[in-house]
Amino acid sequence: MAAITTTALVKEYPGGVRGVDDMDVTIHDGEFFALLGPSGCGKTTLLRTIAGLEEATSGSIAIGDRDVTHLNPGDRGAAMVFQDYALFPHMNVEDNIAYPMRVRKVAKEARLDVAHRTGAGLALDGLMARRPNQLSGGQQQRVALARAVATRPDVLLLDEPLSNLDARLRLEARTFLKELQRDLKVTTVFVTHDQAEALALADRIAIMKAGKLQQLGTPREVFRRPANTFVAGFIGSTPANLVDATLGEGTILVGDQTVPLPGSLADLPGLTPGRKVIWCVRPEYLTLSPVPADGALTGEVTVIENLGASSLVSVTVGEHRLQSVVAEDDEPDPGTRVWLTASERHSLLFDPDSTQRLTP
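Where an unreviewed UniProt entry is consulted, the protein chain appears under the name ABC transporter ATP-binding protein, with the organism given as Georgenia faecalis.

Following this line, the structure appears as structure tokens:
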């Protein structure tokens, strides 16, 4: 096991494009760490740079107490599982798992013994003679993981290993991955663009945009206290409501309506009447009522999206559209007038110029 530390890490491509821009991150020993962000944000570039598949332009990478910045990939003590699994089609499961040990010139009997024991631990013992084209997507994923963990690496690097699976299998594989990492106690870095996967699996999450780190924290921290409007809008199965608003005397003006300024925000600096802000409340914390309520915004229901046990209701409030999650039996009809009340504990304000959250 080993911690991973990047210091002022930069990966720059020809033309001055920075895939990783001055990244300072410490991933703790034995931690399940997620790199999250939209396509093109640099998360896979960062993972490949840690693995040694991309050469760092500047800065340093340490795994444990070793500086591995300029080491070959095979000397870093890292194992990687690629998005497409990268299994050898002409080899059976046994040989695919044993291949890294073959490269290291481990004796055949020893490497096949390790391959069988690792495969058995991942429920592959009945599939060892099959080739990849005879396996399901979930089975191929387990073979790729078995190959990675068979050599007992210091760190395990996962590049969107669940993205090729269907929705049901992805949920099952998510649970399997969490249990595997807990049993192995290996430092794991997991790249994903799926917020639900990151929130469910990770001990901590680093959210990236355009090569830069936007926020690093636990799933609870980044969900409840996003650092800026990008994180607020990106994290969560339903995006946060981000509304351009103006401060009044102890109120927040949303169009021609007002909501009380929550007491939890009263101590924020510079909250003077007339100041422009972005008011943020997640759909899960916005209560919908069919009857008038004090301090509530009123509007008309426009769209209802069924989420299974709940529904996502879109409400037009003046020029704004707000969304609220309601229980499946409480969804209103389209065109109905409703009232929306925000949770005081979960209301946030952001600066419209810097997009950063206003904090005491």
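Chemist: Tell me about empty space enclosed by the protein, and name the residues and values.
Modeler: Within this structure, the stated rule accounts for two cavities of 30 Å³ or more. In this model, the largest cavity occupies a volume close to 50 Å³. Lining the largest cavity, in full, are Phe 223, Arg 224, Arg 225, Pro 226, Cys 280, Val 281, Arg 282, Tyr 285, His 346 and Leu 348. Breaking the lining of the largest cavity down by element, the ones donating at least two residues are α7 (219-224) and β14 (276-281). When grouped by side-chain class, the residues that make up the lining of the largest cavity number six nonpolar, one polar and three charged. By volume, the second largest cavity amounts to about 30 Å³. Lining the second largest cavity we find Phe 32, Leu 156, Leu 158, Leu 177, Leu 180, Gln 181, Leu 184 and Thr 188. Among the elements that take part in the lining of the second largest cavity, helix α5 (residues 167-184) stands out by supplying four residues, more than any other. Along the lines of polarity and charge, the residues of the lining of the second largest cavity split into six nonpolar, two polar and no charged.

Chemist: Describe the pattern of salt bridges, naming the residues involved and giving the relevant values.
Modeler: One pass over the structure, following the stated rule, counts ten salt bridges. Linking Glu 12 and Arg 18 is a salt bridge whose minimum nitrogen-to-oxygen distance equals 3.0 Å. Taking relative accessible area as the criterion, Glu 12 reaches 31% and is therefore assigned partly exposed. For Lys 212, the salt bridge goes to Asp 21, with nearest N and O atoms at 3.2 Å. You can see Lys 212 sitting in strand β10 (residues 212-217) and its partner Asp 21 sitting in strand β2 (residues 17-27), a full 191 residues away along the chain. What makes Asp 21 buried here is its relative accessible area of 17%. Residues joined by salt bridges that share partners form a network here, namely Glu 12, Arg 18, Asp 21 and Lys 212.

Chemist: Quick rundown of the environment of Val 189? Include the residues and the values.
Modeler: You can see Val 189 is positioned in strand β8 (residues 187-192). Here Val 189 falls in the buried class, since its relative accessible area comes to 0%. In this structure, the C-alpha to C-alpha distance between Val 189 and Ile 235, residues 46 residues apart in sequence, is 18 Å.

Parameters at a glance
- Each chain has its residues counted from 1, following the order in which its sequence is written.
- Restriction of local features to residues with pLDDT of at least 70 applies here, the model being predicted, together with a cutoff of 80 or more for giving and counting side-chain atom pairs; totals for whole chains, interfaces and linings are based on all residues.
- As a convention, hydrogens and water are excluded, and side-chain values are obtained from all of the structure's heavy atoms.
- Definitions used throughout: a 1 Å grid over protein atoms alone; a cavity as a set of points that fits a 1.4 Å probe which cannot get out; a pocket as an open set with protein on both sides within 12 Å along at least five of seven lines; a lining residue as one with an atom within 4 Å of a point.
- Grid points are joined across faces, edges and corners, and a volume is the space filled by probe spheres set on the points.
- Strands here mean DSSP runs of E at least two residues long; helices mean DSSP runs of H or I at least four residues long; both are numbered from the N terminus.
- Residues are grouped as follows: Ala, Val, Leu, Ile, Met, Phe, Trp, Tyr, Cys and Pro are nonpolar; Asp, Glu, Lys and Arg are charged; all remaining types, including Gly, are polar.
- By definition here, a salt bridge exists when the distance from a side-chain nitrogen of Lys or Arg to a carboxyl oxygen of Asp or Glu is within 4 Å.
- The rule is simple: take the accessible area with a 1.4 Å probe, protein chains only, and divide by the maximum for that residue type; under 20% is buried, over 50% is exposed, in between is partly exposed.

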